[in-house]
Amino acid sequence: MNRMNRMVLVAKRDYLAAVRSKPFLFGLIMAPILGSSGFLVIGLTKAKPDLQPRRIAIVDHTGRAAPAIIEAARAKNGKEMFDRKTGRQLAPGYELETVAPDDRDPSAQRLKLSDRVRSRELFAFIEIGRDALHPPKSDDDEKIPQSSRVDYYSNAAAIDQTRSWISGPVNDGLRHIRLAELGVDSSHFADVLGSATVETMSLITRSEKTGAIMQGHKKNEIEGFAVPFVLVMLLAMIVLASSGPMLGGVAEDKMQRVYEMLLASATPFELIMGKVVAAVGLSLSSSVLYVVGGLMVLQAMAMMGLAPLSLLPWFVIYLVADVMVLCGLAAALGAACSSPNDAQHLAMLLFFPVLIPLFVILPVMQAPNGVLATVMSLLPPFTPLLMLTRQAMPGGVPWWQPWVGLVGVVVWTVAITWAAARIFRIAILTQGKTASFGDLFRWAIRG
Amino acid sequence: MDAIEIQGVTKTFGDLAAVDDLSLTVPQGAVYGFIGPNGSGKTTTMRMIVNIFYPDRGTIRVFGQELRAGRSGEIGYLPEERGLYRRMEVRSLLQFHGELRGGRKVTEEVDHWLLRLDLLQCATQRVETLSKGMSQKVQFIAAVVPEPKLLILDEPFTGLDPVSVDVIRTAILELRRRGATVILSTHDMSVAESLCDYILMIHRGRKVLDGTLDSIQQQYGSDTIRVSAAGGFDDLPGVEKVRDLGQVQELRMAQGCDPQEVLRALVARTRVTSFSVTKPSLHDIFVRIAGPEAPETMEARHE
């Protein structure tokens, strides 16, 4: 029997054993649910917003700002609280009350108001500094004294919608007073303070077929953020789902002493490659399900235009490469384990090539052609996730970069698989001693 | 052509020479027994023949060919450390092992051996549901399907009940009759004596005995007395060592000792019910070489 046939036979056995196992089927269903849970929560929050009225106290040291702020808040409530067509409430109502400032003991007053927030009588309170109408000029926000600031106190976290909401009426109120001081008639306030809509548009292109100039179109958040994000999360999820079980599986089989008999019939390279091929098969099977499922959802939502079909070949290439690298590594690390605990510890090492790109994905998406994004996406361990992210962003990347990245990925994949097979050969029959990183390195180099 | 030719093979792990300059020839169709204390190098030698380990020095030829990095479908191997995919069904597992080694479908052979070893009723059971003895028999089948020209069995009888031992022993002899060469390691000297045509003893990685049982025993001559008597063995003239086996005692005579004098001395002291002069058993030879009083062991202890 030749080498290829033995490899295929091992791959077939591992593939069938995996697809028939309950963990695989469970993971197949749960992974997209968990992966999309963030979007699900956002969707649910939007569908069922918290409409409880929010009461905010204003301590106005200027003596003039509070009425203007309350008026601006009333106007904003009127604009945003209800759907104009259906009359359905969309947002909570913000109720503002004024509290006379206690200049003798402001700290005691803040404590008292804080207690009211804690007892949920108030949602928050704001304190408008004495000079907030005309704060001194400063380039450094940190140096602005409290008397020139507007301080917002609440029990909520740093990301607080109410703080964001109240900023509008507070600034509008203050600007109204300033305009009035300048003699501007109040009927011009809306005109002066009205803001222009800045729309994000795609670049203009020329049609390859007709040569005609194609006008730019409005880009939405989904196109700019969700498509690359979902694509990359899908890749990361499938890669992790393939490589994680590989490490534990090899370690378990080693502890069950399965390999010695197999090694009499197949070489370590044939065994490890068979396992890797099975993992690639599993990941491609999952991908087909997820991609077809995703396209069907987009079709049903009449959003097929968002489907990044041109990136699918790259998705498959990066998937195969990443699964080969991580599964080869997982098999080698699994072979080096002597106990289930070892497998848990070494799993962290395995997840780095996936976790690090996920840590930097936001800066990469903010500046997809910046130095950080370009350099990191050309580092072979991170290329699959980061280059795909950049390719999926509107505007894409210079045409040569994916190909350069691909060369690096291929070289990296071959090198890791080769080293993994050498480690596997020695480690798989080593019992009772957990291999150190020094051992792994030595085995990879010397064989 | 011999089944195996090993020339000057050495294998070290760190500073330890697991196998040290070993040379051995195994003729085709023979049953060759490997004996030796734990850690003496038997398993390492077997792993090198199967090509799981590569020798640091020397050459190993199987049926005239060096395996190098490849695998031979003609070698069946039963490792000492038993392990099978626990969640696979018995028949599927055996077909997988057979196809992996032989490169062809082995459905009929698997069923033949399942029937032969009384395991047909377990064919669709998962391996994890089998008893330890049944698992060992399944693993034996995995080693002999498809029928190998060379069968290497590392302690094949360990943990088996007497009935299963007989079944496996009969199967080994049948394979030998059909032309297979068999190498087996064992700690049971009676198995080595009764089953093996040739015996190799390895101690501390080096070959210390090699040949037929007769030729090995010849080296030691008839220096052993088997006697049944009610005590009186202390300070017998010309007796170097007394080994009490319960119903029988084994006396080792010093060089030049006359067994008649030993008998006379014993009769003078006690009642003797049986007395025979014989060659040393393999067990005795093993202990002489590797036991606590062996010169090499004493030397190692002083080091």
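Residues numbered from 1 in each chain as written. Chains lettered and ligands numbered in written order. Predicted model: local features only at pLDDT ≥ 70, side-chain atom pairs only at ≥ 80, totals over all residues.

Draft legend 1. The arrangement of the overall build of chain A in detail. Scanning chain A for helices and strands turns up 17 helices and six strands. Against the globule reference of 22 Å for 447 residues, chain A gives a C-alpha radius of gyration of 30 Å, more extended than a compact globule. Seen along its three principal axes, the alpha-carbon backbone of chain A occupies a region of about 95 × 65 × 45 Å. Looking at chain A residue by residue over its 447 residues, the buried ones come to 33%. Here the contacts in chain A between residues at least 6 apart in sequence split such that 73% fall between residues at least 24 apart. (Helix = DSSP H or I, 4+ residues; strand = E, 2+ residues; numbered from the N terminus. Rg over C-alpha atoms; globule rule 2.2 N^0.38 Å. Buried ≥ 20, exposed ≤ 12 C-beta atoms within 10 Å, placed from the backbone. Contact = placed C-beta atoms within 7 Å.)

Draft legend 2. Molecular detail of the packing of helix α15 (residues 383-392) of chain A against helix α16 (residues 400-427) of chain A. Residues and elements named next belong to chain A. At a closest axis distance of 10 Å, the pairing of α15 and α16 adopts a crossing angle of 170 degrees. By the angle between their axes, α15 is roughly antiparallel relative to α16. Contacts from Thr383, Pro384, Met387 and Gln391 of α15 reach α16 at Gln401, Pro402, Gly405, Gly408 and Val409. (Axes fitted to C-alpha atoms, helices over the stretch in contact; angles between N-to-C directions. Parallel < 35°, antiparallel > 145°, perpendicular 65-115°, else oblique.)

Draft legend 3. Molecular detail of helix α2 (residues 90-102) of chain B. For α2 of chain B, built from 13 residues, the straight-helix expectation of 18 Å at 1.5 Å per residue is met to within 8% by its first-to-last C-alpha distance of 18 Å. Summarising burial for α2 of chain B: 10 of the 13 residues are buried, a large majority. Restricting attention to buried positions, one finds in α2 of chain B the residues Val90, Leu93, Leu94, Gln95, Phe96, His97, Gly98, Glu99, Leu100 and Arg101 of chain B. Of the surrounding secondary structure, the elements contacted by the buried residues of α2 of chain B are α1 (3-19) and α9 (259-265) of chain A together with α3 (107-116) and α4 (132-144) of chain B. In the segment just after α2 of chain B, Gly103 of chain B is the residue with positive phi, at about 75 degrees. (Expected span 1.5 Å × (residues − 1).)

Draft legend 4. Summary view of the packing of helix α11 (residues 312-335) of chain A against α16 of chain A. Residues and elements named next belong to chain A. Two elements in contact, α11 and α16, have axes whose closest approach is 8 Å; the angle formed by their N-to-C orientations is 20 degrees. In terms of axis orientation, α11 runs roughly parallel to α16. At the point where α11 passes α16, the crossing takes the left-handed sense. Only Pro402, Leu406, Val409, Trp412, Thr413, Ile416, Thr417, Ala420, Ile423, Phe424 and Ala427 of α16 make contact with α11, whose side of the interface consists of Trp314, Ile317, Ala321, Met324, Val325, Gly328, Leu329, Ala331, Ala332 and Ala335. Taken together, the residues of the contact of α11 with α16 break down into 18 nonpolar, three polar and no charged. (Left-handed = near helix turned anticlockwise from the far one by under 90°. Nonpolar A, V, L, I, M, F, W, Y, C, P; charged D, E, K, R; others polar.)

Draft legend 5. Structural view of α11 of chain A. The end-to-end C-alpha distance of α11 of chain A, which contains 24 residues, comes to 34 Å, matching closely the 34 Å that a straight helix rising 1.5 Å per residue would cover. Extensive coverage of α11 of chain A is indicated by the burial of 18 of its 24 residues.

Draft legend 6. Geometry of unusual backbone geometry. All names here are of chain B. The omega torsion across Val145 and Pro146 is -10 degrees, close enough to zero to call that bond cis. Structurally, Pro146 can be placed in the loop between α4 and β6 (150-154). The phi dihedral of Phe63 is positive, around 50 degrees, even though this residue is not glycine. Summarising the element assignment, Phe63 is placed in the loop between β4 (57-62) and β5 (75-78). Residue classification places Phe63 among the partly exposed residues on the basis of 17 C-beta atoms within 10 Å. Residues other than glycine seldom take positive phi values, yet Glu155 does so here, at roughly 50 degrees. Looking at the element boundaries, Glu155 is found in the loop between β6 and α5 (162-177).

Draft legend 7. Quick look at the domain arrangement of chain B. All names here are of chain B. Per the domain assignment, the segments making up chain B are domain 1 (4-216) and domain 2 (221-302). Using only C-alpha atoms to locate each centre, domain 1 and domain 2 end up separated by 35 Å. Of all the elements in the fold, those that place two or more residues in the side of domain 1 that touches domain 2 are α6 (189-195), β8 (198-203) and α7 (213-220). Split into classes, the residues belonging to the side of domain 1 that touches domain 2 amount to nine nonpolar, one polar and one charged. (Domains from an automatic or database assignment.)

Draft legend 8. Just the pairing of strand β1 (residues 54-60) of chain A, in detail. Residues and elements named next belong to chain A. Of all seven residues in β1, six are buried, a share of seventy percent or more. Direction of pairing for β1 relative to strand β2 (residues 94-99): parallel, over a ladder of six bridges. Within β2, the residue paired with Arg55 across the bridge is Glu95. The handedness of the β1 to β2 crossover, carried by helix α4 (residues 65-80), is right-handed. Two strands pair when backbone bridges link them, and β1 and strand β3 (residues 124-128) are joined in this way by five bridges, in the parallel orientation. (Pairing = 2+ DSSP bridges. Right-handed = clockwise from strand over helix to strand, strands pointing away.)

Draft legend 9. Here's a closer look at the interface of chain A and chain B. Listed per partner, the contact involves 17 residues of chain A and 22 residues of chain B. Broken down by secondary-structure element, the contributors of at least two residues to the side of chain A that touches chain B are α1 and α9 of chain A. Grouping the constituent residues of the side of chain A that touches chain B by class yields nine nonpolar, four polar and four charged.

Draft legend 10. Spatial organisation of the environment of Gln344 of chain A. Mapped onto the fold, Gln344 of chain A is located in helix α12 (residues 340-359). The class of Gln344 of chain A is partly exposed, set by 13 C-beta atoms lying within 10 Å.

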